[in-house]
Amino acid sequence: MSTPMVSMRGVDKRFGDLHVLRSIDLDVAPQEVVVVIGPSGSGKSTLCRTINRLEPIDAGEIRVDGRPLPEEGAELAQLRADVGMVFQSFNLFGHLSVLDNVMLAPLKVRRVAKATARTEAMALLERVGIADKADRFPAQLSGGQQQRAAIARSLAMHPKLMLFDEPTSALDPEMVSEVLEVMVGLARDGMTMVVVTHEMGFARRAADRVVFMDDGQIVEEAPPAEFFDATRSERARSFLSNVLAH
Amino acid sequence: MTAVIENLDPLLRALGTTVLILVVSAIGSLVLGVLITVARVSPIPVLRGAAFAYVQVFVNIPLLALLLLAVFALPDAGLLMPLTTTVIVVLTVYEAAYVAEAVRSGINTVAAGQVEAARAMGLRLSQTLRHVVVPQAVRAVVQPLGNVMIALLMNTALAATVGVVELTSAVNKVNLVAAQPIPIFTAAGLTYMALALAIGLAAGRIEKKVAIHR
Ligand SMILES: Nc1ncnc2c1ncn2[C@@H]1O[C@H](COP(=O)(O)OP(=O)(O)OP(=O)(O)O)[C@@H](O)[C@H]1O
Ligand SMILES: [Mg+2]
């Protein structure tokens with residue numbers, strides 16, 4: 001078996017007295033799409049954010065593509081450049097056009113030539129369907145368009161892994177599918193993805209594996225068909241019935 | 001009005017002193033204030049603590065007390081300098097704390113999420129500051145800084161209390177002789193207003209120039 005893209009072993013994380021991650025073990029294989037679901041406060045975002053060390057951990061070990069996460073510094077920055085992250089709140093840079101948002105990290109981190117960065121950025125904006133918005137500023141875009149721009153911005157770094165933390169939760173319902181379509185496309189093209197989401201439809205369509213978290217622990221993991229149709233744990237069953245009741 | 005016209009020469013010279021104190025302390029406090037802010041957001045705890053203490057100390061001391069302390073205590077400690085210089089140093093050190101506060105609040109308007117996104121993309125802290133935080137903070141900070149500079153202008157009048165002949169002190173002297181308080185102090189008041197207006201207009205123009213596109 002090849003090296004896992006992400007490997008978490010005995011990961012523990014506390015916020016003060018709050019034990020948010022409890023000895024998490026999780027491997028994500030190259031090209032695998034793992035969807036993380038679970039009730040609010042179960043630690044999904046924290047799990048996602050420990051993988052690029054936006055949250056440092058208290059115990060255990062995390063490896064990305066075989067390398068243990070380095071301490072804060074140049075080496076960590078280098079690793080982060082290879083790991084894309086898409087946030088619930090888009091977090092586009094407000095003073096830059098969409099095109100400049102996409103070009104910033106390739107220019108400053110990878111030191112790509114400007115013309116190359118520009119051509120690539122335009123191609124990516126084309127791919128996520130907002131090439132016509134390249135010169136707009138984030139505040140002039142709809143939520144769905146902003147999130148697609150944010151995905152293009154991540155892709156511009158040619159990441160070997162992408163993390164999504166509830167990428168559609170801040171969107172109006174009619175814009176959810178345009179973002180999910182882009183994500184399904186990425187999954188098809190073989191991107192390794194860890195996706196925290198409440199979109200069960202996306203999990204069924206694109207996930208190789210669903211991970212269910214509750215109270216800082218991984219309670220159950222299975223391929224989507226098995227997870228949704230033959231749920232083993234009581235906690236996952238009650239979570240799913242609550243979600244589906246909506 | 002005659003008293004003002006008759007004493008135009010010394011009054012203009014005093015206005016010159018006011019403007020000199022204003023301009024030099026403005027530049028000094030802007031530079032020092034930005035340095036303090038950099039220390040305040042730096043990853044080095046000692047620097048952060050020192051910058052925080054600096055701001056707390058100077059925001060909580062009356063300027064007049066500070067000025068008197070400097071004028072009487074510095075020569076005692078063997079530091080002799082012209083009175084006007086002492087005033088400029090005190091104003092610089094004092095207003096820098098307010099500049100630092102204004103700049104910090106500007107930085108806080110840049111959403112933490114953007115900083116996180118920048119770091120998640122592999123930008124170093126210095127690159128994040130330079131390419132993401134500063135360009136946006138500048139826009140939020142122009143108007144508050146203009147207000148700090150207007151406060152600085154008003155505070156230059158305190159120089160009169162330690163014997164510097166700036167505008168307030170000069171009109172006071174003219175009035176002691178001429179006893180025409182209404183025209184004399186009105187003229188001085190209008191002059192301060194004109195200077196404040198100039199600062200406000202400059203801030204407005206700068207703000208427009210760096211305005212964010214929406
Ligand atoms: N920076 C922080 N400081 C203190 N507590 C935190 C911090 N971040 C998260 N928490 C707490 O840790 C717990 C797990 O948070 P986390 O955001 O990982 O949950 P989640 O599963 O993503 O929830 P949601 O579905 O609401 O996004 C929550 O109780 C949360 O309040
Ligand atoms: Mg969350």
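Residues numbered from 1 in each chain as written. Chains lettered and ligands numbered in written order. Predicted model: local features only at pLDDT ≥ 70, side-chain atom pairs only at ≥ 80, totals over all residues. Heavy atoms only, no water.

Asker: Lay out the sheet that holds strand β6 (residues 83–86) of chain A with the relevant residues and their values.
Answerer: All names here are of chain A. Pairing is mixed in the open sheet, where 6 strands are placed in the order β6-β7-β8-β3-β9-β10. The outermost strands of the open sheet, each flanked by one partner alone, are β6 and β10 (217–222). Strand-to-strand twist across the sheet, computed as the mean angle between neighbouring axes with direction ignored, equals 20°. Sheet topology places β6 next to strand β7 (residues 161–165); 4 bridges connect them, and they run parallel. Bridging across to β7, valine 83 finds its partner in leucine 161. With respect to the sheet, helix α5 (residues 143–155) is in contact with β6 and β7, its orientation differing from that of β6 by roughly 170°. (Pairing = 2+ DSSP bridges. Helix = DSSP H or I, 4+ residues; strand = E, 2+ residues; numbered from the N terminus. Axes fitted to C-alpha atoms, helices over the stretch in contact; angles between N-to-C directions. Contact = heavy atoms within 4.5 Å.)

Asker: I'd like to hear about the site of ligand 1, residue by residue, with values.
Answerer: All names here are of chain A. Lining the immediate surroundings of ligand 1 are Phe15, Leu18, Val20, Pro39, Ser40, Gly41, Ser42, Gly43, Lys44, Ser45, Thr46 and Glu166. With respect to ligand 1, the backbone of glycine 41 contributes an N or O atom lying 2.8 Å from an oxygen atom. Calculation on ligand 1 without its partners gives an accessible area of 630 Å², and the protein chains cover 59% of this total. Put simply, the parts of the chain that give the shell around ligand 1 at least two residues each are β2 (18–28) and α1 (44–50). With 3 residues, the single largest contributor to the shell around ligand 1 is α1. The residue inventory of the shell around ligand 1, partitioned by class, reads 4 nonpolar, 6 polar and 2 charged. (Near = heavy atom within 4 Å. Polar contact = N/O pair within 3.5 Å; in protein donor to acceptor, adjacent residues only side chain to side chain. Areas by Shrake-Rupley, 256 points an atom, 1.4 Å probe, with all protein chains shown as cover. Nonpolar A, V, L, I, M, F, W, Y, C, P; charged D, E, K, R; others polar.)

Asker: Account for the interface of chain A and chain B, naming residues and giving values.
Answerer: Contact with chain A, which involves 27 residues of that partner, is made by 20 residues of chain B. Counting the surface lost from both chain A and chain B, the interface buries some 2000 Å², and carbon and sulfur atoms represent 63% of this. Viewed at the interface, chain B and chain A are joined by 2 salt bridges. Two residues, arginine 49 of chain A and glutamate 116 of chain B, come together in a salt bridge whose shortest N-O distance is 2.8 Å. Ranked by residues supplied to the side of chain A that touches chain B, first place goes to helix α2 (residues 74–81) of chain A with 4 residues. Counted by class, the side of chain A that touches chain B contains 15 nonpolar, 6 polar and 6 charged residues. (Buried area = accessible area lost by both parts, 1.4 Å probe. Salt bridge = Lys/Arg side-chain N within 4 Å of Asp/Glu carboxyl O.)

Asker: So what's going on with helix α5 (residues 83–108) of chain B? Residues and values would help.
Answerer: The end-to-end C-alpha distance of α5 of chain B is 38 Å, a good match for the 38 Å that 26 residues give at a rise of 1.5 Å each. Taking the largest bend as the criterion, α5 of chain B deviates by roughly 25°, centred on alanine 96 of chain B. (Expected span 1.5 Å × (residues − 1). Bend = angle between axes of the 7 residues up to and from the residue.)

Asker: Outline the pattern of salt bridges, supporting the account with residue identities and numerical values.
Answerer: Counted under the stated rule, the structure contains 27 salt bridges over all chains. Arginine 104 of chain B is paired through a salt bridge with glutamate 101 of chain B; the nearest N and O atoms lie 3.4 Å apart. In this pair, arginine 104 of chain B and glutamate 101 of chain B are both assigned in helix α5, 3 residues apart and thus about one turn of the helix distant. Judged by its relative accessible area of 28%, arginine 104 of chain B is partly exposed. The network of salt bridges with shared partners includes Arg53, Glu71, Glu72 and Arg80 of chain A together with Arg119 of chain B. (Buried < 20%, exposed > 50% of the residue type's maximum accessible area, 1.4 Å probe, protein only.)

Asker: Explain the confidence of the model for chain B to me, using residue names and the numbers behind them.
Answerer: All names here are of chain B. In the predicted model, chain B carries a mean pLDDT of 91, and the fraction of residues at 70 or more is 98%. When pLDDT is averaged over each element of chain B, helix α3 (residues 45–59) comes out on top at 95 and helix α1 (residues 2–6) at the bottom at 84. As scored by the predictor, the complex reaches a pTM of 0.81 and an ipTM of 0.91. (pLDDT = per-residue confidence, 0-100.)

Asker: Pulling in residues and values, what's your account of the packing of aromatic side chains?
Answerer: For any two aromatic rings, the description comes down to two numbers: the centre-to-centre distance and the angle of the planes. All names here are of chain A. Going through the model one piece at a time under the given rule, you end up with 5 aromatic pairs over all chains. Of the aromatic side chains, those joined through ring pairs into one cluster are Phe212, Phe227, Phe228 and Phe239. Positioned over the ring face of phenylalanine 93 is arginine 153, at 4.6 Å from the centre of the ring. (Phe/Tyr/Trp six-rings, centres within 6.5 Å; stacked < 30°, edge-to-face > 60°. Lys NZ or Arg CZ within 6 Å of the ring centre and 35° of its normal.)

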